[in-house]
Amino acid sequence: AAAPAEFGHASGGIVNAVTRSGTDDLHVEAYDYYLAHSLVSPDPFANNTKPPGNRQQAGLDLGVPIAPDRFFVFGNFEMVKSDSQALNRITNPLIADPTGSSIPAANCTATAAQCTAATNFIKSQMNVAVPRSLKSTSGFVKFDVAPSDKTNLTFEGAIVHKHAPNGMETQQVAPNGGLLGSNATYTASDIFGKAGFTVVINENTTNEFHGSWFRDSLNAYTDFSLAPSTGPVAINLAGTPIGSNPLYPANLTQQRISGVDAVTWVVGAHAIKLGGDVAENQDRVDQLYSRYGSYDYTSLTAFADDFTANVKQQKNYALFTQTFGTPVSTVRTMIIQAFAHDTWKATPRLIVDGGVRWEKTRIPKPTQPNPINFQSGFIPSPNVDFSPRIGAAYMLDNRTVVRLGLGTYFEPFPGQLIRDLSVGGGVYQTNYTIIPTQTSSPVFPRSEEHTSELQSPCN
């Protein structure tokens, strides 16, 4: 049958999980998992090397009956610690040989000195072991309280904290670069709290309330000890990143508060449920894509021409990209919803479901719209988002049930889309993508150290 009208927000699959409250017995469980990378078979994609390091995951589960049949507590604590290495390789045929161990001289037709400097810059990133680690701690606790036979209280809370130096890229071997300057160290945390209250008003009426709070944050930044000599500048050579990652630094935070209340009446063969819920989402992003500039080159020769000894101020890159403006943006949206649903047991073998859901998203207006385009100052939000649902389930025999369902769903506005609409008007943040022939196009920031080395033999 179709999903009941109380479920909305998306048109994908819906999972409704129900867990047991607890028992009057004490339950304790401890576990530990340890993996030594030296015991793992050699990686054929990493020159048959065995990366050093280890991984450990340990935890404790505890279930305690505080008051028999009335008050139960369950908790879990888990720790994950990992130390390992990854291998940064470059096997792009426009740069390196098929084995990714050298750079053919034929791939560069600039001056000998320029080709030497460019190839040495890239070779310093080839077949480099990158150390990385992860430390994660998490805790979960749940309280179930039954003050009476007609009431039940539930409280849940959890926290997860992770810190991973050079752990943003998780691949073991990067055949096309990405584990050095394009990598990042990150710190992430997830916190949530949830409360529920159920009361049986009478033999035909039940009221349920659920409230929750969730906060997710991610802070990622480049480890400049692994970055190339060009620093934070992003460089893309024929599809291979050889500079820093234009995405970092970045600080992303999402917070959600929601509350749902529903009343169920049983009238004859009908179970009628009416309810509503309110949710507020807050997305905070502190990020400027390519804030330090990003250069795209199509060949090793073009990069070598710009990299050193560029006395003629040549501009051989294909594109230059940089974003200016306010890095921090905060977008708050509120969703108001109401629903009504009826489950009718028409016959002992046939159950018919029908309902409707209404949704309204309150979207803030962009704080800095573009005056040239008035449409950038308003994001529409309709008032007629009604979602009808209908379904039926028929039991053919004791082992076979046929279900049919039909319903409509409204996909919510993704937070990233709302942010893009808010900051993408060309005023709050401005992204410049230019070609070398355009006015004021920059010259690649030369490495003075390499330039002096190249010029000294010529003096």
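Before reading on, note that the structure itself is shown above.
Each value, and the rule that gives it
- Residues numbered from 1 in each chain as written.
- Predicted model: local features only at pLDDT ≥ 70, side-chain atom pairs only at ≥ 80, totals over all residues.
- Heavy atoms only, no water.
- Helix = DSSP H or I, 4+ residues; strand = E, 2+ residues; numbered from the N terminus.
- Contact = heavy atoms within 4.5 Å.
- Disulfide = S-S within 2.5 Å.
- Buried < 20%, exposed > 50% of the residue type's maximum accessible area, 1.4 Å probe, protein only.
- Phe/Tyr/Trp six-rings, centres within 6.5 Å; stacked < 30°, edge-to-face > 60°.
- Pairing = 2+ DSSP bridges.

K.L.:
Quick rundown of the environment of isoleucine 235? Include the residues and the values.
P.N.:
Here isoleucine 235 shows up in strand S9 (residues 234–237). Distance in space between the C-alpha atoms of isoleucine 235 and asparagine 245 is 8.2 Å, their sequence separation being ten residues. Residue contacts for isoleucine 235: discarding those within four places in its chain leaves Phe121, Thr230, Thr240, Pro241, Ile242, Gly243, Ser244, Tyr295, Tyr297, Phe303 and Phe444.

K.L.:
How would you sum up the environment of valine 199? Please name residues and give values.
P.N.:
Mapped onto the fold, valine 199 is located in strand S7 (residues 185–202). In the structure, valine 199 is positioned 81 residues away from alanine 118 in sequence and 72 Å away in space, judged by C-alpha atoms. Look past the residues within four positions of valine 199 in its chain and what remains in contact with it is Lys150, Thr151, Thr205, Thr206 and Asn207.

K.L.:
Tell me about the state of the cysteines, and please be specific about residues and values.
P.N.:
In total, this model carries one disulfide according to the counting rule given. Residue cysteine 108 pairs covalently with cysteine 115 via a disulfide, S to S 2.1 Å. Every disulfide takes its handedness from the sign of the S-S torsion; for cysteine 108 and cysteine 115 that torsion is -85°, giving left-handed. You'll find cysteine 108 and cysteine 115 in the same group, each marked buried.

K.L.:
Explain the packing of aromatic side chains residue by residue, including any values.
P.N.:
This model, assessed by the stated rule, comprises 15 aromatic pairs. Between phenylalanine 71 and phenylalanine 143, the aromatic rings sit 6.3 Å apart at their centres with planes inclined by 45°, giving tilted as the arrangement. With a gap of 72 residues between them, phenylalanine 71 in strand S3 (residues 71–88) and phenylalanine 143 in strand S4 (residues 128–148) connect regions that are remote in the sequence. Given the relative accessible area of 31%, phenylalanine 143 is considered partly exposed. Here the aromatic rings of phenylalanine 303 and phenylalanine 444 are separated by 6.1 Å at their centres, their planes lie at 85°, and the arrangement is edge-to-face. With phenylalanine 303 in helix H2 (residues 300–307) and phenylalanine 444 in the loop between strand S19 (429–434) and helix H4 (448–455), this residue pair connects regions lying 141 residues apart in the sequence. Aromatic rings pair up to connect Phe121, Tyr295, Tyr297, Phe303, Phe307, Tyr317, Phe320 and Phe444 into one cluster.

K.L.:
Account for the pairing of strand S17 (residues 385–397), naming residues and giving values.
P.N.:
Consecutive side chains of a regular strand alternate in pointing toward one face of the sheet and then the other. Judged from the ten bridges that link them, strand S16 (residues 350–362) and S17 form a sheet pairing that is antiparallel. Note on S17: the bridge partner recorded for tryptophan 358 is phenylalanine 386. Of the strand pairs in this sheet, S17 and strand S18 (residues 400–407) are connected by eight bridges, and their pairing is antiparallel. Bridge pairing links alanine 392 to leucine 404 in S18. Turn length for the S17-S18 hairpin, with the two strands adjacent in sequence and antiparallel, is two residues.

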